[in-house]
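# Summary of the model geometry
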Amino acid sequence: MQRSCFLINLHSAARGQLRAPAQSPWRTAGRAARGALHVAAAEKKQKLMWEALREAVDEEMEADPTVCLMGEDVGHYGGSYKVSYDLHKKYGDLRLLDTPICENGFMGMGIGAAMTGLRVIIEGMNMGFLLLAYNQISNNAGMLHYTSGGQYKVPVVIRGPGGVGRQLGAEHSQRLESYFQSIPGVQLVACSTVANAKALLKSAIRSDNPIIFFEHVLLYNVKGETIDGYCQPLEKAELVRAGRDVTILCYSRMRYVVMQAVQQLEKQGFDPEVIDLISLKPFDMKTISDSVKKTKNVIIVEECMKTGGIGASLSSVINESLFDYLDHQVIRLSSQDVPTAYAFELEAATIVQPEQVIEAVHKVVGAPVPA
Amino acid sequence: MFLGREFEEKCAEMYYRGKMFGFVHLYSGQEAVSTGVIRLLRADDYICSTYRDHVHALSKNVPAREIMAELFGKKTGICRGQGGSMHMFSKKHNLLGGYAFIGEGIPIGLGAAFQVRYRREVLHDESADQVAVNFFGDGTCNVGQFYECLNMASLYKLPCIFVVENNKWAIGMNHPRATGPSYGDDDPFIYKKGPAFGMPGVLVDGMDVRKVREVAQEAVARARRGEGPTLIEAETYRFRGHSLADPDELRLKEEKEHYQARDPLPQLKKYVLDTGILSEQQLAELEASVRDEVEDAVKFADESPKPEKGQLLENVFADPKGFGIAPDGRYRYELPGFSSGTAAVS
């Protein structure tokens, strides 16, 4: 199903012209090392990320009556992070379906409904809860277009809040990308800004592929602007900052951690290139390889676990296909392979901090390159 | 029913002759359930099956040729050779698929039923009165999805029918060894879980096609009227092991003989002859035509071409953009080699 939609031309986008609206200057709020970031309030029509996501759902539901949303507390309660706030009043209880607490059951129900003609958004109240639905996500969403010989499509968006929040404890602070990335037949998309959150979710809803869509608990209140009618390609990375010393690949909340580090690095005379992967599966190899060929250095910054994570896959692909261009081995800054502790200090030590990014750039690039 | 039996027995023969591989679970003995329920349904009703799905597909009018070709791993198979014995899908026949893990098909069937209600109430499609029938076994009645879906079917009043084919054995686990007795009984009765979830629960002799049909009629009518789900427990038996790889050492000879004596096929034959629905000669002709159909299916499957390597990368994504962007900026599916199955896709 293709509707008219302002889709950026792939070839111009691939040349690095696809950029999120200006979101600088970044500044830290509260705990400098790890706080959520806010953009300057000077820009017009500022909105929060949850509002942008809600707009995406609302617009797509209005445009296409087969679009529906199901999950725990998505209806009357409005979603645990307000992404469907009050939409049930507009669309009714069937289109904003409050489900019982049974992830495997409602995940399968959403997939069955998608196979038979609906476009279903399935919310995990916390993405971690979807581990309970892993069987349906892997065996059904991922595989059955293939096993049915192409007969059935599964146009579902599986989305919800994930990542390490603020002292939520191990089970609510999971980094699920690594679990989902090896499922064949699904695409993994991680939004990071107000603009891309809305534009990517709209594309995900319109896609005929099953999309696992990562939102981050600490980014729902990030501010920014959206672009009316814009649908962003799901497969395309975003160039956040052009530079020439080193390519820093990141996604989701780590984009902000990296940009905090970049503020310091700029003062020190470094010129890093920052790319937000957006598509965690498949990787946008055009944007990645163009950048690596230019800077010859790569640092991957992720919230995912180091073992079997997104960075592990990305590092392998870069080593396999871009080895000859590298001046330094690929550096991976990942979360520690431990459950996320409750205590502030231990939690902070589990995930990557800006200082580590600065240190890694120093290590890879050496002395700042004079302009 | 006869087609189902002949087809399955031919599968055993072909499996032992090395024409098909993997796990093949045969339905012989249980035909009255598939026929009794599915032959009652309309073409636009949905069914959802398990790993023991060949005969459900046949009952839903999926051609025997295409099922056999799928089992032979040929490109003319119903899923182009990409599904196999446990994954028979036919969108054309609203067969939602065979699901190989216990219980995972139940929410899928429930989703089809949800879609029917959605189409009726949200899209105002008055023709939306289809029902969705889920088939599964006694072993599945101890898994979470079963209970989750009984609850949601009842909660949302969905046109969903749950048919438990209780053949007493989950591979080597005898039903009463796996399931606690229902309240007030010495044995477990699955149908009694229906009322606990707000729906009728019905026990039926699953070796008698007429009795199954009668019970199914009631459930289908109720679902079409918008009155919600029904749980049917059909007492049945498989005449073969769990799969063709199962040595079948645990089931007692006496038990097998007991159910063999209740074989649904001779019962039905006797009925159609006694009532004069068919003459001996008509019955013989019918049987001959079924045997011809199965032979034709084998011939078709045998002579069909194998999948080409180019098929490898097809159907992974409905939208091939899902393979992503290559270093040269093109989507990978646009690369040379993609259609021959040799492109790198990760």
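A quick note: this is a predicted structure, and the numbers were derived from the prediction, not measured. (Residues numbered from 1 in each chain as written. Chains lettered and ligands numbered in written order. Predicted model: local features only at pLDDT ≥ 70, side-chain atom pairs only at ≥ 80, totals over all residues. Heavy atoms only, no water.)

In this section: the overall build of chain A. Helix and strand content of chain A: 13 helices and 18 strands. When burial is assessed residue by residue, chain A has 65% of its 371 residues classed as buried. Pairs at least 24 apart in sequence give 82% of the contacts found in chain A among residues at least 6 apart. (Helix = DSSP H or I, 4+ residues; strand = E, 2+ residues; numbered from the N terminus. Buried < 20%, exposed > 50% of the residue type's maximum accessible area, 1.4 Å probe, protein only. Contact = heavy atoms within 4.5 Å.)

Within chain B one finds twelve helices and eight strands. A globule of 346 residues ought to have a C-alpha radius of gyration of about 20 Å, and chain B, at 21 Å, matches this closely. Projected onto its principal axes, the C-alpha positions of chain B cover 70 × 50 × 40 Å. When burial is assessed residue by residue, chain B has 55% of its 346 residues classed as buried. Total accessible area computed for chain B in this model is approximately 14,500 Å², and 52% of it derives from carbon and sulfur atoms. (Rg over C-alpha atoms; globule rule 2.2 N^0.38 Å. Areas by Shrake-Rupley, 256 points an atom, 1.4 Å probe, with all protein chains shown as cover.)

Residue and element names in this part refer to chain A. Spatially, E13-E15-E14-E17-E18 is the arrangement adopted by the five strands of the open sheet, whose pairing is mixed. Every other strand in the sheet has two partners, leaving strand E13 (238–241) and strand E18 (331–335) as the edge strands with one partner each. Between one strand and the next, the sheet's axes are offset by a mean angle of 25°, whatever the strand orientation. Bridge count between strand E14 (residues 247–250) and strand E15 (residues 273–276): four bridges; the pairing is parallel. Its bridge partner being in E15, Leu-249 is matched across the sheet by Ile-275. Running at roughly 35° to E13, helix H9 (residues 254–267) makes contact with E13, E14, E15 and strand E17 (298–305) of the sheet. In the packing of helix H13 (residues 354–365) onto the sheet, contacts are made with E14, E17 and E18, and the angle to E18 comes to roughly 165°. (Pairing = 2+ DSSP bridges. Axes fitted to C-alpha atoms, helices over the stretch in contact; angles between N-to-C directions.)

Turning our attention to unusual backbone geometry. Cis rather than trans, the peptide bond between Lys-281 of chain A and Pro-282 of chain A has omega equal to 0°. Topologically, Pro-282 of chain A is positioned in the loop between strand E16 (279–281) and helix H10 (285–295). Phi at Ile-171 of chain B is positive, roughly 55°, even though this residue is not glycine. Note that Ile-171 of chain B resides in the loop between strand E5 (169–170) and strand E6 (173–174).

With that out of the way, let us pick up the sheet that holds strand E5 (residues 67–71) of chain A. Residues and elements named next belong to chain A. In spatial order, the strands read E6-E5-E7-E8-E10-E9-E16; together these seven strands make up an open sheet with mixed pairing. Two strands bound the open sheet, and with one partner strand each, they are strand E6 (96–98) and E16. Sheet twist, expressed as the mean angle between neighbouring strand axes with direction ignored, is 20°. Judged from the four bridges that link them, strand E7 (residues 119–123) and strand E8 (residues 156–162) form a sheet pairing that is parallel. When the sheet's bridge partners are listed, Ile-121 is paired in E8 with Val-157. Across the face of the sheet, helix H4 (residues 103–115) comes into contact with E5, E6, E7 and E8 while running at roughly 165° to E7.

According to UniProt, the "domain: Transketolase-like pyrimidine-binding" (unreviewed entry) feature falls on residues 47–222 of chain A. Summarising residues 47–222 of chain A: 38% helix, 18% strand, and an end-to-end C-alpha distance of 8 Å. (UniProt positions renumbered as here; feature names shortened; annotations may be inferred.)

Residues and elements named next belong to chain B. Here strand E3 (residues 132–137) lies mainly inside the structure; five of its six residues are buried. Bridge count for strand E1 (residues 46–49) against E3 is three bridges, and the pairing is parallel. Residue Tyr-46 lies in a different strand from E3, and its bridge partner there is Ala-132. Taken together, the six bridges between E3 and strand E4 (residues 160–166) define a ladder with parallel strand orientation. Bridge pairing in E4 places Phe-136 opposite Val-164. In the classification by handedness, the crossover that spans E3, the intervening helix H6 (residues 144–155) and the parallel E4 is right-handed. (Right-handed = clockwise from strand over helix to strand, strands pointing away.)

What follows covers the UniProt feature "domain: Dehydrogenase E1 component" (unreviewed entry) in chain B. The sites that UniProt annotates as "domain: Dehydrogenase E1 component" (unreviewed entry) are residues 4–308 of chain B. A helix fraction of 43% and a strand fraction of 12% characterise residues 4–308 of chain B, whose end C-alpha atoms lie 30 Å from each other.

So, about the packing of aromatic side chains. All names here are of chain B. This structure, assessed with the given rule, holds 15 aromatic pairs over all chains. Grouped by ring-pair contacts, the aromatic residues Phe-136, Phe-146, Tyr-147 and Phe-197 constitute a single cluster. Just above the ring of Tyr-271 sits the side chain of Arg-210; from NZ or CZ to the centre is 3.7 Å. (Phe/Tyr/Trp six-rings, centres within 6.5 Å; stacked < 30°, edge-to-face > 60°. Lys NZ or Arg CZ within 6 Å of the ring centre and 35° of its normal.)

It is worth spelling out the pattern of salt bridges at this point. Within the structure shown, the criterion is met by 52 salt bridges over all chains. Note that Arg-244 of chain A and Asp-271 of chain A form a salt bridge whose closest N and O atoms lie 3.4 Å from each other. Of the two residues, Arg-244 of chain A is situated in the loop between E13 and E14 and Asp-271 of chain A in the loop between H9 and E15; the sequence distance between them amounts to 27 residues. When the shortest N-O distance is used, the salt bridge between Lys-299 of chain B and Glu-303 of chain B registers 3.3 Å. Here Glu-303 of chain B and Lys-299 of chain B lie together in helix H12 (residues 280–303), a separation of four residues that amounts to about one turn. Residue Glu-303 of chain B is classed as exposed on the basis of its relative accessible area, which comes to 58%. What emerges from the salt-bridge pattern is a single network uniting Lys-47, Glu-55, Glu-59, Glu-60, Lys-198, Lys-202 and Arg-206 of chain A. (Salt bridge = Lys/Arg side-chain N within 4 Å of Asp/Glu carboxyl O.)

What follows concerns the domain arrangement of chain A. All names here are of chain A. Assigned domains of chain A: these are domain 1 (2–224) and domain 2 (239–365). In this assembly, 46 residues from domain 1 lie in contact with 40 residues from domain 2. Together domain 1 and domain 2 conceal approximately 3,600 Å² of surface at their shared face, both sides included; 53% is due to carbon and sulfur atoms. At the surface where domain 1 touches domain 2, the tally comes to zero salt bridges. Taken together, the links from domain 1 to domain 2 amount to 21 residue pairs in polar contact (both at pLDDT 80 or more). Broken down by element, the residue count for the side of domain 1 that touches domain 2 peaks at four residues, all from strand E9 (residues 187–190). (Domains from an automatic or database assignment. Buried area = accessible area lost by both parts, 1.4 Å probe. Polar contact = N/O pair within 3.5 Å; in protein donor to acceptor, adjacent residues only side chain to side chain.)

So, on to the environment of Ser-291 of chain A. Residues and elements named next belong to chain A. The topology assignment puts Ser-291 in helix H10. A sequence separation of 62 residues divides Ser-291 from Gln-353, and the C-alpha atoms of the two residues are 23 Å apart. The residues touching Ser-291, leaving out its near neighbours within four places in the chain, are Thr-247, Glu-273, Ile-275 and Lys-296.

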